[in-house]
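Commentary on secondary and tertiary structure
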Amino acid sequence: MQNMTIGIIGAGNMGRALAAGLAATPGAARALVYDHSDDTRRRAAQQGLAVAKTLAELVAQADVLVLAVKPQHVAALAREIAAGVATGHPLIVSVAAGIRTDALRRWFHSDRVVRAMPNTPALIRAGATVLYAAADIAADDRARVEALLQPVSAVWWVADEDLMDAATAVSGSGPAYFFLAIEALAAAGVQAGLPALIASELAAATALGAARMAGAGTESPATLRRQVTSPNGTTERAIQSFMDQGFMKMFERAVEAARARAAELGEELGAV
Ligand SMILES: NC(=O)c1ccc[n+]([C@@H]2O[C@H](COP(=O)([O-])OP(=O)(O)OC[C@H]3O[C@@H](n4cnc5c(N)ncnc54)[C@H](OP(=O)(O)O)[C@@H]3O)[C@@H](O)[C@H]2O)c1
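Residues numbered from 1 in each chain as written. Predicted model: local features only at pLDDT ≥ 70, side-chain atom pairs only at ≥ 80, totals over all residues. Heavy atoms only, no water.

Observations concerning the side chain of T129
As a reminder, the rule being used: In this text, helices come from DSSP runs of H or I with a minimum length of four residues, and strands from runs of E with a minimum of two, each type numbered from the N-terminal end. Buried, partly exposed and exposed residues are distinguished by accessible area as a fraction of the type maximum, computed with a 1.4 Å probe on protein chains only: under 20%, between the cut-offs, and over 50%, respectively. By the criterion applied in these results, polar contacts are pairs of N or O atoms within 3.5 Å in which, for protein atoms, one can donate a hydrogen and the other can accept it, and in which residues neighboring in sequence qualify only through two side-chain atoms.
Relative to the elements of secondary structure, T129 occurs in strand β7 (residues 127-133). The class for T129 is buried, based on a relative accessible area of 0%. Of the polar contacts made by the side chain of T129, one reaches the side chain of S153; its length is 2.7 Å.

See the structure below:
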């Protein structure tokens, strides 16, 4: 991977997270970013990222092109870089929610396309990424995408493209759910009398500890929860209160809303 250049188009939340995560990892591929906003390019350079001066320069240098623009901008981007893609024939990795392989292949006039659904914790090399490639994608291209992402993220493949929308709803959008939960726990702590700074640090540190235990995979989250829920204790009261208010259903509905939006984006935008 050291000899490969990953050209990341779009230096927003996701593009910067990937580029910064890769830049911080010795031995990872060289990440080069481009954004059409002068300010965004300047900020990326100040952050220590390698920034291309023009989109054409980035496309010409890239072995792998990561499309990190909003789903609504992918078709226009394809028109901008069509000539460069035809010349260099890079492997194209789209992280855009909803946009399907058939639309990407049509827009970029290239079959060498893989879809990835990463998330922003890639910035601190704690990402979670789901990958999908059509059956005709070569094994070495699959291996390339995996090797590109592994320094910054855990990686799973799915064989059914529809599952990319479910992955978008669980892990692509997922960090925001946990940020919201930390926000809510901190606010409730303040309501219970804690100083705001202590409440917010306690909520974040507790989430981190719990996530590490769940992520270790030695016990299921349900077992870990039961282990800290003593009969008639404080945690049991809180969990009962969550359950009485439909906690599980609330997640089910939220994830379904995000999944349906991803599918809708694919249908709306892929129609052209
Ligand atoms: N954010 C996440 O947590 C997350 C997670 C998983 C996947 N994704 C996917 O990642 C993609 C990017 O999301 P984001 O949140 O990073 O969006 P974002 O913050 O808006 O970043 C996209 C950047 O690309 C720039 N851009 C647009 N068209 C361009 C072009 N033709 N050439 C160069 N730069 C261009 C945008 O500039 P303007 O603002 O001027 O348009 C913006 O700076 C989306 O497709 C999203 O579905 C995001």
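Here the narrative resumes, following the displayed structure.
Some details on helix α2 (residues 38-46)
What sets the pattern is the α-helix's 3.6 residues per turn: residues three or four places apart point alike. How we decide: Directions from the helix axis toward the C-beta atoms define the arc. Contacts between residues were defined by any pair of non-hydrogen atoms, one from each residue, lying within 4.5 Å.
Among the residues making up α2, those that are buried are T40, R41 and A44. End-on view of α2: buried residues confined to an arc of 100 degrees, all on one side of the axis. Looking at the buried side of α2, the elements it contacts are β2 (30-34) and β3 (50-51). Just past α2, the residue G48 takes up positive phi, approximately 95 degrees.

Regarding unusual backbone geometry
We note that H89 has phi near 50 degrees; this positive angle belongs to a residue other than glycine. Summarising the element assignment, H89 is placed in the loop between α4 (74-88) and β5 (91-94). Since its relative accessible area comes to 41%, H89 is described here as partly exposed.

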